Amino acid sequence: MAFELPNLPYDYDALAPYMSRETLEYHHDKHHLAYVTNGNKLAEEAGLSDLSLEDIVKKSYGTNQPLFNNAGQHYNHVHFWKWMKKGGGGTSLPGKLDAAIKSDLGGYDKFRADFVAAGTGQFGSGWAWLSVKNGKLEISKTPNGENPLVHGATPILGVDVWEHSYYIDYRNARPKYLEAFVDNLINWDYVLELYEAAAK
């Protein structure tokens, strides 16, 4: 299955002031496009282009680093754009998700603090995640393009902490970017959709 660059599910100005048009133009139109272009070439060379994106990510992990880097980042970004929306974030979570965060993670405030800490504490490039593993929610961080799929978990929320995701808007203030993401950008309806699919 060929990788394709998805359209953003909102206008380039929709996430301002928390994520600018300039950031989205560079991040989506250039960085994500490069993962798609390189990923397609490498998947074809490896004879894996007929597989689903998830299978390519899992099969290339630990065996084909260049392909894994691009396939992993494509997977991460396909969801990243949907994990944000205009007027998102905040504490009004869908009931089922709110209950799971209370029971598995100690409540919203602890989730927020731990998720921001995971992203802040990821040395260099990478991601912070909220995933379902063995039926429970967990917070984690991964380097570069790695994601919870290769660690037996299903990601339901992720935030990109590569500098190209925030440097135009926040310079080196990664914690401010992460706080803005949680407080103002998360599309909790999409997180719920992935949670319900993972919990089946």
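Each chain carries its own residue numbering, running from 1 in the direction its sequence is written. At least 70 in pLDDT is required for a residue's local features to be given in this predicted model, at least 80 for side-chain atom pairs to be given and counted, and no such filter applies to totals for whole chains, interfaces and linings, which use all residues. To get the side-chain values, all heavy atoms of the structure are used, and hydrogens and water are removed first.

1. Observations regarding the UniProt feature "domain: Manganese/iron superoxide dismutase N-terminal" (unreviewed entry) in the protein chain
Condition: UniProt positions are given in the numbering used here, feature names are shortened, and annotations may be inferred rather than shown by experiment. Secondary structure is summarised from DSSP: a helix means a run of H or I of at least four residues, a strand means a run of E of at least two, and numbering begins at the N terminus for each.
Per the UniProt annotation, the sites labelled "domain: Manganese/iron superoxide dismutase N-terminal" (unreviewed entry) are residues 3-84. As annotated, residues 3-84 comprises 62% helix and 0% strand, and the C-alpha atoms at either end are separated by 21 Å.

2. A closer look at the environment of Ile-56
Note the cut-off: We call two residues contacting when some pair of their heavy atoms lies within 4.5 Å.
With respect to the helices and strands, the residue Ile-56 is situated in helix H2 (residues 53-60). Here the alpha-carbon distance between Ile-56 and Ala-46, two residues 10 residues apart in the chain, equals 9.9 Å. Once you skip the residues sitting within four places of it in the chain, Ile-56 turns out to touch Phe-3, Ala-43, Leu-48, Leu-51, Leu-67 and Ala-71.

3. Quick look at the packing of helix H1 (residues 21-45) against helix H3 (residues 65-82)
Convention followed: Angular values range over 0 to 180 degrees, each being the angle between N-to-C directions of two axes fitted as lines to C-alpha atoms, with helices fitted over their stretch in contact. Relative orientations are named as follows: roughly parallel for angles under 35 degrees, roughly antiparallel for angles over 145 degrees, roughly perpendicular for angles from 65 to 115 degrees, and oblique for any other angle. Each helix crossing is assigned a hand: it is left-handed if the near helix lies turned anticlockwise from the far helix by less than a right angle, otherwise right-handed if that turn is clockwise.
For the pair H1 and H3, the least separation of the axes is 8 Å and the interaxial angle reads 140 degrees. In terms of their interaxial angle, H1 and H3 are classed as oblique. Regarding H1 and H3, the two cross each other, and that crossing is left-handed. Within the contact between the two elements, H1 uses Leu-24, His-27, His-28, His-32, Ala-34, Tyr-35, Val-36, Asn-38, Gly-39, Leu-42 and Ala-43 and H3 uses Pro-66, Leu-67, Asn-70, Gln-73, His-74, His-77, Val-78, Phe-80 and Trp-81.

4. A closer look at the UniProt feature "domain: Manganese/iron superoxide dismutase C-terminal" (unreviewed entry) in the protein chain
Per the UniProt entry, the sites bearing "domain: Manganese/iron superoxide dismutase C-terminal" (unreviewed entry) are residues 95-191 in this numbering. Annotated as 45% helix and 24% strand, the span residues 95-191 places its first and last C-alpha atoms 12 Å apart.

5. Observations concerning the pattern of salt bridges
Oppositely charged side chains are able to pair whenever their charged atoms sit close together. Note the following rule: Salt bridges, as used here, are contacts in which a Lys or Arg side-chain nitrogen is within 4 Å of a carboxyl oxygen on Asp or Glu. Burial status follows relative accessibility: with a 1.4 Å probe on protein chains alone, a residue under 20% of its type maximum counts as buried, one over 50% as exposed, and anything between as partly exposed.
Inspection of every chain in the model, using the stated rule, returns 10 salt bridges. Its salt-bridge partner being Arg-21, residue Glu-25 comes within 3.0 Å of it at the nearest N-O pair. Residue Glu-25 and its partner Arg-21 are located together in helix H1, separated by four residues, close to a single helical turn. Arg-21 sits in the partly exposed class, given a relative accessible area of 33%. As a salt-bridge pair, Lys-96 and Glu-196 come within 3.2 Å of each other at their nearest N and O atoms. In this pair, Lys-96 sits in helix H4 (residues 95-105) while Glu-196 sits in helix H8 (residues 188-198), placing the two residues 100 residues apart along the sequence.

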